[in-house]
Amino acid sequence: MKKLFLTFSLLTGLVTSGFSQSQKRDAFTPGERWYDENGELINAHGGGLLYDRGTYYWFGEIRGTKASEGVSVYTSKDLYHWKNQGVALPKSSDPTSEIAVGGLMERPKVIYNPKTKQYVMWFHLELPGKGYDAARAGVAVSDKATGPYRYVKSFRPNGHMSRDMTLFVDDDGSAYHVYAARDNYDLRIAKLTDDFLSVTTQDTLLFSKHREAPALFKKEGKYYLITSGCTGWKPNAASVHVASSLMGPYQLLGDPMRGPNAELTFDGQSTYILPVPGKKDAYIFMADRWNPKDLKDSRYLWLPIQFEKGQPVITWTDRWNLRSTFPK
Ligand code: DGJ
């Protein structure tokens, strides 16, 4: 009897601790719930990835039902299994802080600066109680990839509003901030200073098409920029632009999405593109399928980017893996 009870509690324990959810997986299942190694839902929205010496770091917004609760960091060796490393950048309990509870930290991205040996995080910051009016870029640093990050400052790059954003490091090691400005009507790019903590005055308008959610990658000397329209949490059509120079001019290629609901980005919105290390021409498109009623339960869409007639195409698939999609 005792033995039976033990077996029963062990089994129920495994299920409630989410063990069943975090079993070995070898595929991405876009739009399905994604659990970490503790069996908890991954809470890393509007996220970005960093690859550093054999480890992937996934940074994202920690969301409550609505609230913005700081920046999380998860680690992985294979991109399928993720371990929660806790809060990379917490909200401040000091009500006078720019990152106090009640404000927003969105779309965090982290890059490594080999000159200063620091990990540098940029994010879209909104001040407590001010909705989306502040439109600022926030910066935080850490000596360790997992943090904790120290909040440094926020500002409007060269005086421009800054909402949805991403970071991009070019082959020569220079870093750039791509950001939605002028109430999201403009998409701009600014080169960062050598320490990656500020923008330089090399700050250019890419286009004025009312686009946001920028995600950028480079292939064979060309820069591809995927963006969404501006419809709040509601999905809309994506587009991809191409340029031979990072600062532009950018030419519209059209909507790269293919398959059911392609015209609504499969109910998602771009956030980041990962060039898969060690693989040729392998890129993962990352998007958020927002659930505005319960933001923490927003889903992740990770899909492969493929090239057809020299142009990027993202085709819906329920299930895929790196091994078969990108064999080389
Ligand atoms: C769209 C943006 O891309 C998101 O990051 C978020 O700011 C929502 N708008 C809020 O409505």
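Basis of the calculations
- Residues numbered from 1 in each chain as written.
- Predicted model: local features only at pLDDT ≥ 70, side-chain atom pairs only at ≥ 80, totals over all residues.
- Heavy atoms only, no water.
- UniProt positions renumbered as here; feature names shortened; annotations may be inferred.
- Helix = DSSP H or I, 4+ residues; strand = E, 2+ residues; numbered from the N terminus.
- Buried < 20%, exposed > 50% of the residue type's maximum accessible area, 1.4 Å probe, protein only.
- Contact = heavy atoms within 4.5 Å.
- 1 Å grid on protein atoms, 1.4 Å probe; cavity = no way out; pocket = protein on both sides within 12 Å on 5 of 7 lines; lining within 4 Å.
- Points joined across faces, edges and corners; volume = space filled by probe spheres on them.
- Nonpolar A, V, L, I, M, F, W, Y, C, P; charged D, E, K, R; others polar.
- Phe/Tyr/Trp six-rings, centres within 6.5 Å; stacked < 30°, edge-to-face > 60°.

As named in an unreviewed UniProt entry, the protein chain is Beta-glucanase, taken from Siphonobacter curvatus. Quoted verbatim from the Sequence similarities (unreviewed entry) heading of the UniProt record, the comment on the protein chain is "Belongs to the glycosyl hydrolase 43 family."

**Let's talk about the side chain of Thr146**
Following the sequence through the fold, Thr146 ends up in the loop between strand E7 (136-142) and strand E8 (150-155). On the basis of relative accessibility, which here comes to 16%, the residue Thr146 falls in the buried class. What Thr146 contacts, discounting residues up to four positions off in sequence, is Tyr57, Val73, Thr75, Gln85 and Ala88.

**Let's talk about empty space enclosed by the protein**
Taken as a whole and assessed by the stated rule, the structure comprises three cavities of 30 Å³ or more. In this model, the largest cavity occupies a volume close to 50 Å³. Around the largest cavity sit Arg25, Phe28, Thr29, Pro30, Glu32, Trp34, Tyr300 and Trp302, which together line it. Of the residues assigned to the lining of the largest cavity, the class counts are five nonpolar, one polar and two charged.

**So, the packing of aromatic side chains**
Within this structure, the stated rule accounts for 25 aromatic pairs. Their ring planes at 45 degrees and their centres at 4.8 Å tell us that Tyr51 and Tyr56 sit as a pair that is tilted. Using a relative accessible area of 38% as the deciding quantity, one classes Tyr51 as partly exposed. A residue is classified by how much of its surface remains accessible, and Tyr56, at 7% relative accessible area, is buried. With a centroid separation of 6.2 Å and an interplanar angle of 75 degrees, the aromatic rings of Phe217 and Phe307 are classed as edge-to-face. One end of the pair, Phe217, is in strand E13 (residues 211-219); the other, Phe307, is in strand E20 (residues 299-308), and 90 residues separate them in sequence. By relative accessible area, which is 1% here, Phe217 ends up buried. Of the residues examined, Phe307 reaches a relative accessible area of 25% and is grouped as partly exposed.

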